[in-house]
Number of protein chains: 2
Amino acid sequence: MNVDIDTLVYLVPIAGIIGLIVAGVLTKWVMRKDTGTPEMKVIGDAIREGAMAYLARQYKTIAIISVIVAVLLVALDWRISIAFLIGAFFSSLSGYIGMRVSVSSNIRTASAARRSLNESLLTSFRAGAVSGLAVVVLSLLGVTGIFFLYLFVLNNDTDFESNSLWFSNTLNLVAGYAFGASFAALFAQLGGGIYTKAADVGADLVGKVEAGIPEDDPRNPAVIADLVGDNVGDCAGRGADLFESTAAENIGAMIMGSAIYLYTNDPLWVFFPLVVCAFGMLASLVGIATVKLRNENEEPMKALNRGYFITAIISAVGLYFITDYMLGAWQYFVCAIIGILLSIAIVYITQYYTAGSYRPVREIADASETGPATNIITGFSIGLETTVLPIIAIALSLLASYALGQDAATLLGHPDQSFIFGLYGTAAATIGMLVTATFVLAMDTFGPITDNAGGIVEMSNQPEEIRNRTDKLDSVGNTTKALTKGYAMGSAALAAFLLFSAFFEQVVIARNDMGLNTSLEEVFHVDIAQPQIFVAALLGAMLVFIFASLAIRAVGKAAGGMITEVRRQFKEDPGIMEGTSKPDYASCVDISTKAALKTMVLPGILPVLTPIILGLLMFYAYDYGTDNGGVIAVQAVGAFLMVATIAGILMAILLNNGGGAWDNAKKFIEDGHHGGKGSPAHAAAVVGDTVGDPFKDTAGPSLHVLVKLLSTISLVFAVVFVTGTFPL
Amino acid sequence: MNVDIDTLVYLVPIAGIIGLIVAGVLTKWVMRKDTGTPEMKVIGDAIREGAMAYLARQYKTIAIISVIVAVLLVALDWRISIAFLIGAFFSSLSGYIGMRVSVSSNIRTASAARRSLNESLLTSFRAGAVSGLAVVVLSLLGVTGIFFLYLFVLNNDTDFESNSLWFSNTLNLVAGYAFGASFAALFAQLGGGIYTKAADVGADLVGKVEAGIPEDDPRNPAVIADLVGDNVGDCAGRGADLFESTAAENIGAMIMGSAIYLYTNDPLWVFFPLVVCAFGMLASLVGIATVKLRNENEEPMKALNRGYFITAIISAVGLYFITDYMLGAWQYFVCAIIGILLSIAIVYITQYYTAGSYRPVREIADASETGPATNIITGFSIGLETTVLPIIAIALSLLASYALGQDAATLLGHPDQSFIFGLYGTAAATIGMLVTATFVLAMDTFGPITDNAGGIVEMSNQPEEIRNRTDKLDSVGNTTKALTKGYAMGSAALAAFLLFSAFFEQVVIARNDMGLNTSLEEVFHVDIAQPQIFVAALLGAMLVFIFASLAIRAVGKAAGGMITEVRRQFKEDPGIMEGTSKPDYASCVDISTKAALKTMVLPGILPVLTPIILGLLMFYAYDYGTDNGGVIAVQAVGAFLMVATIAGILMAILLNNGGGAWDNAKKFIEDGHHGGKGSPAHAAAVVGDTVGDPFKDTAGPSLHVLVKLLSTISLVFAVVFVTGTFPL
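Predicted, not measured: the structure shown is a model, and the values here were computed from it.

K.L.:
Which residues make up the side chain of B:Thr109, and what values do they have?
P.N.:
Structurally, B:Thr109 is set in helix α3 (residues 78-112). Not counting the four nearest positions on each side in its chain, B:Thr109 is found in contact with B:Ser120, B:Thr123, B:Ser124, B:Ile449 and B:Ala453.

K.L.:
I'd like to hear about the UniProt feature "site: Determinant of potassium independence" (unreviewed entry) in chain A, residue by residue, with values.
P.N.:
Residues and elements named next belong to chain A. Under the present numbering, the feature "site: Determinant of potassium independence" (unreviewed entry) in UniProt falls on Lys-481. You can see Lys-481 is positioned in helix α15 (residues 464-514). For Lys-481, a relative accessible area of 9% gives the class buried. With near-sequence residues (within four places) excluded, Lys-481 lies in contact with Asp-234, Asp-444, Gly-447, Pro-448 and Asp-451. A polar side-chain atom of Lys-481 sits 3.1 Å from a polar atom in the side chain of Asp-234.

K.L.:
Break down the side chain of A:Glu363 for me, with residues and values.
P.N.:
Position of A:Glu363 among the secondary structure elements: in helix α10 (residues 359-368). A relative accessible area of 14% places A:Glu363 in the buried class. In this view, A:Glu363 contacts A:Thr378, A:Ile382, B:Arg553 and B:Lys557; residues no more than four positions away in its chain are not counted.

K.L.:
Tell me what's going on with the state of the cysteines, and back it up with residues and numbers.
P.N.:
Formally, a disulfide is one covalent bond, and it connects the sulfur atom of one cysteine to the sulfur atom of another. Under the defined criterion, the tally for this structure stands at 0 disulfides over all chains. Summary of cysteine pairing: B:Cys335 is not part of a disulfide, and the nearest cysteine sulfur, belonging to B:Cys277, is at 16 Å.

K.L.:
Requested: an account of helix α15 (residues 464-514) of chain B, with residues and values cited.
P.N.:
For the α-helix, the turn length of 3.6 residues means that residues three or four positions removed from each other point alike. Residues and elements named next belong to chain B. Compared with the 75 Å implied by 1.5 Å per residue over 51 residues, the 72 Å span of α15 between its first and last C-alpha is a close match. Its axis deflected by about 35 degrees at Ala-496, α15 carries its strongest bend there. Once α15 ends, the next one or two residues include Gly-515, with phi positive near 90 degrees.

K.L.:
An account of the environment of B:Asn452 is requested, with residue identities and associated values reported.
P.N.:
Residue and element names in this part refer to chain B. By the secondary structure assignment, Asn-452 is in helix α14 (residues 437-459). Accessibility expressed as a relative area gives 0% for Asn-452, which makes it buried. Considered as a pair, Asn-452 and Asn-106 are 346 residues apart in the sequence and their alpha carbons are 5.7 Å apart. Apart from the residues lying within four places of it in its own chain, the contact partners of Asn-452 are Ile-47, Asn-106, Leu-227, Asp-230 and Asn-231. A polar contact is formed between the side chain of Asn-452 and the side chain of Asn-106, at a distance of 3.0 Å.

K.L.:
How would you sum up the interface of chain A and chain B? Please name residues and give values.
P.N.:
Contact with chain A, which involves 68 residues of that partner, is made by 68 residues of chain B. Per-residue buried area on chain A facing chain B is highest for A:Ile377, A:Phe545 and A:Arg553; these three make up 11% of the total on that side. Seen at the junction of chain A and chain B, the total is 4 salt bridges. Note that B:Arg553 and A:Glu385 form a salt bridge whose closest N and O atoms lie 2.2 Å from each other.

K.L.:
Describe the relation of the copies chain A and chain B, with residues and values.
P.N.:
Once turned by 180 degrees and shifted 0.0 Å along the axis, chain A lies on chain B with an RMSD of 0.0 Å. Read as a symmetry element, the transformation amounts to a two-fold axis. Minimal C-alpha separation from the rotation axis in chain A is found for A:Asp527, amounting to 2.2 Å. By residue overlap, the copies meet face to face through one surface: 100% of the interface positions of chain A are interface positions in chain B.

K.L.:
Outline the confidence of the model for chain A, supporting the account with residue identities and numerical values.
P.N.:
The predicted coordinates should not be examined in detail at positions where pLDDT is low. Scored by pLDDT, chain A comes out at a mean of 90, with 98% of its residues at no less than 70. Here the predicted complex carries an ipTM of 0.94, next to a pTM of 0.94.

K.L.:
So what's going on with a nonpolar patch on the surface? Which residues, and what values?
P.N.:
All names here are of chain A. A cluster of nonpolar residues, Phe-309, Ile-313, Val-317, Tyr-320, Phe-321 and Tyr-348, forms a patch on the protein surface that exposes about 640 Å² of accessible area. A per-element tally of the nonpolar patch places helix α8 (residues 300-326) first, with 5 residues. Within the element layout of this structure, Val-317 appears in helix α8. Of the residues examined, Val-317 reaches a relative accessible area of 46% and is grouped as partly exposed.

K.L.:
Give a description of helix α11 (residues 372-385) of chain B that names residues and reports values.
P.N.:
Given a rise of 1.5 Å per residue, 14 residues ought to cover 20 Å, and the 20 Å separating the end C-alpha atoms of α11(B) matches this to within 8%. Taken across its 14 residues, α11(B) has 13 buried, putting it largely inside the fold.

Quick notes on the rules
Residues numbered from 1 in each chain as written. Chains lettered and ligands numbered in written order. Predicted model: local features only at pLDDT ≥ 70, side-chain atom pairs only at ≥ 80, totals over all residues. Heavy atoms only, no water. Helix = DSSP H or I, 4+ residues; strand = E, 2+ residues; numbered from the N terminus. Contact = heavy atoms within 4.5 Å. UniProt positions renumbered as here; feature names shortened; annotations may be inferred. Buried < 20%, exposed > 50% of the residue type's maximum accessible area, 1.4 Å probe, protein only. Polar contact = N/O pair within 3.5 Å; in protein donor to acceptor, adjacent residues only side chain to side chain. Disulfide = S-S within 2.5 Å. Expected span 1.5 Å × (residues − 1). Bend = angle between axes of the 7 residues up to and from the residue. Buried area = accessible area lost by both parts, 1.4 Å probe. Salt bridge = Lys/Arg side-chain N within 4 Å of Asp/Glu carboxyl O. Least-squares fit on C-alpha atoms with pLDDT ≥ 70 in both. pLDDT = per-residue confidence, 0-100. Patch = residues over 30% accessible without salt bridge, like charges linked within 9 Å, V, L, I, M, F, W, Y side chains within 5 Å. Areas by Shrake-Rupley, 256 points an atom, 1.4 Å probe, with all protein chains shown as cover.

Here's what the structure looks like:
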């Protein structure tokens, strides 16, 4: 086989290098900003030290678990094991870079707010862009690098040039990278999510509710832990989430490309996802460059939206030419546009359900008048309701992109392979959705930076004008954080089918090695009308429930500890409330740190073990001795995966949007409705907001990662379900 | 064809008549009891009038909607339409009988408590038994009557004697009965659930929390509505739930029997479920007769448990002989025992998770120390956790009964039909679970009766000794109510597979009518690896979320109205709190009534329309013009059904057990832990209890009915998904 590496493919490393250069330039730009008053610096230092200390310990834990898993993975293939480690390392590295920039830029954003809103916005947003670039570039370069390394150097086949499964076999190994990325991301998201919400809940309940002091008041012993949490949860956590999205979805799409390669003999189907992502990253650079306020009175959200639409339009134009050149079927261009439109639709739906200007949040605010119980009942029912529109949008996108892909099969002269070409349509839609990932991530990281800046301004007693500026940015940051969660959930949902297909393509390869030659179309069945498969589906949904339970409980317990500690400090040293003595911030930081590291392990390990154990049990119960290539085991894992994905998406939407709606119902009341701050309705809304905290910032976002982790595990372990043993 | 009606089949009408006679005797026994003091009578009359007035209006609404649906059903077959109406009518009638007995016996139970605990227990339990008998006997006689009527009189076929599909075609029509029963049950459960919780939440939040008066205090304007609610929600609602369980599961099992009939030519497979249910009812009579206290100090729960185990043991012995005689395969006996064991297992699991003596409830009570938010967070995570053990028990029961049934196929000389015989194994397990239904229902209805009796004793200011007796019974009633919910959910889960199979058997019949001759094994596939089918599965899970949202929201809104009204009365007439003037009970009854009737319609109609619309859309999008017998449409509806069932079961467990745990955490604190009544922990626990109310008494139990309603709708409309049109 002679692979003609098309010139377009060189775009990927070139774009990567450009991305890194721009990231360096932006970092320098941000770091040249001043660090404000000495008071600001003290607070900023405390946040930075807390965040870095936590991250160091978290990465140590992740590293230990990852090395254990990597050693076990050698039983599959040492190259999978290496890919896994690189994936886990790059995932953590991109989180680390994002964090470093974030904890250095929060104080600079605060200081810039003393001069102008625009400068403050630029400082925080460009710092966010560094984080976004780090995530996307590292993910892309990692996939590309390891793919070509395994393709040309560390190849499986002695006679690979004549082997049509060359790509497939290579990607089989590269899948370890996606697994590693998802694995590290789950721990980062869980650990960060538990940390941030334990601190937040503790700080709010004792500080705001019991002691009646404002948010971010320096007298609150948990305030530094809370600000540290914004960084390790929202910033490092979401970064890891989208890192593994990019990695898993690219690799999944490439696997589908390798399936099509068998029919078209054209390697461009394999390279297409990488090229599109690289181009999207470049388009995002243009979008990022255009973000600035036209004048001091412009709404910051407008500037961000402008940048987003510029990114989307450039991406769409580029997609047209790339699709035409690489795939030669207009249908896939439309698929990618569907992906972009879906991300926009989900953003609007999320806004409708979680913004104070619409019915849902107002209903929760109304219900707060009759106390916390009705606030919770209404909020929970709104959360359940918010699943409807996103699911319909996702369903239509899936069906449309599948149908378009099937249509392309005919256009391209492969009418008998319409199934696989159809699946590639859903891959194209997913890739289309990811095209703006860099920009979206920049907006997302902007959130915790401005949140921190607001805290620093508050704690260092700056004049009201400056607080107003950071408050404005902080509220925009809350919106962008909610939107990114919607975006991450939507991409997880759209990618689901692509990753299922990739799993079954791995099954095909494993069966081929056994001499059971079958096509993807013959193998890719998940018949839940068989009792065994139905039971696996049932267990898949159950996993989502127990996972969410563990994640939420972890926050509840840690928050309980935090509340007790803050109460103790207030009681034992009355000087804290009078402002004469300094609270012990470190003990609160310590509680969050220990709780996060301790409680993230079980929910992190559970989704790794369950599909493997289920698959093996099913194999030995039903397939053992039949030489049928683990038909029941494979379908059972498939059903587990698919129904876990369905339940995971729904649960994530419920938790994310329910939490977001509670949060904004509280803010709506704080804006002077229903009696405003200090009213009974406000007290009720604070309870709802607190309940929503672990929903929206711990369990919900972790579920996005969970569903993809399940997919990438299955990808890597497909051979085990087919043969019932580990290759080594 | 010559059907030899075996003598054992005559057991069914005979048992039915015995059941009715015993019900009459028990009613007389209960009604001969005295109605206590004049004060008691006033309160009892108010409850009876309120309940009957509500029920009359609720049944009027259900009647109107049912007639509309029945008219539309004529487009399928007028006999389905008649069967539907009879099912809806019998379902409502059994609810009505239960209610009548309940509202007459509450006051007699209260009065009997003045004499002894034993007499009070007997009065309430025997009244509950009347309700249980009414439900099971009416369901059984209804199915049997309509089945033989359609089999011999109003038959489809002119030449039926030679038609091997005689049973199948008859059951096709009888399925309308199950649909009617589920349809009416959903409204009864929803309406009753909304009514009771709107009143309960309203009464508790203003009365107990704000005004600080005890539960069931006559000064609380919502107290009568609350006591009425116990009857219309717990009593009529759960009765309707188990009525339709018995109907749907019997008919489903008979349909599976008719599929086996094609191979064995033995009609006993069709009659088996009816005979077992009839026998179980008789066994329950023995169990009911044995319930009494050995002495005044015995725990009432012990007496109930004794009766339950006697019922279970007699049933097991009878099952052995019936299975041996009718089916000739010991495996099905084991399947039925698995069903009985599963019901016991679920009862114990439910107790562990919702009783104050174990870890989960205590954890919630602990979390109440740090306020309502941590109480809610912990309770919700416990609710999520409670799904694990029941799901594993259900999964194992399904797999074991399926494997045993497959094994029986070999024993009986039909190794090639192991799939169908395996499915019959799951049917046998379901029937085994239902065998004790009469006794379980008696225990369940006992709950609201004693709850009411306690309210009457409290409101009529009886001495403490008497209150202690009714309190004891009330607390037992709370336990039995929780257990019955677990039982209903378990049977819904176990029945699910049976009902899926029955749906596909209806598809086989519809395909036969088109000339597409296929076996169940060929048709019964639900391949969620096809994007269209996956999307249908996604929508099925979504339906559960939006349904739960509507049910919970209805309570939230109605409770809000109730709170406002009670606050208004307290404010406008201070004499109420001083005990000098009587509150306006009627206005609160009116609020609950109107809210329930108004808000039950949308969540009731939604699950009827969605599968039909989905099936038709799928047919015209993918099957139209192919003459393939609606392959995609049928699989899509199947996937919708199956994944809705999975999501529904999990959500129901979460809501039921979460609510139960919150409730008992509050009671645990009221028993003097964490500061007891009036402490901040207690206030927090009351919030949790209130949030749990609509979870456990409105949305959760309605979900049991929902999943079966989806199945029975699909059964009836199978022909529409196969042909894309209505037969007429």
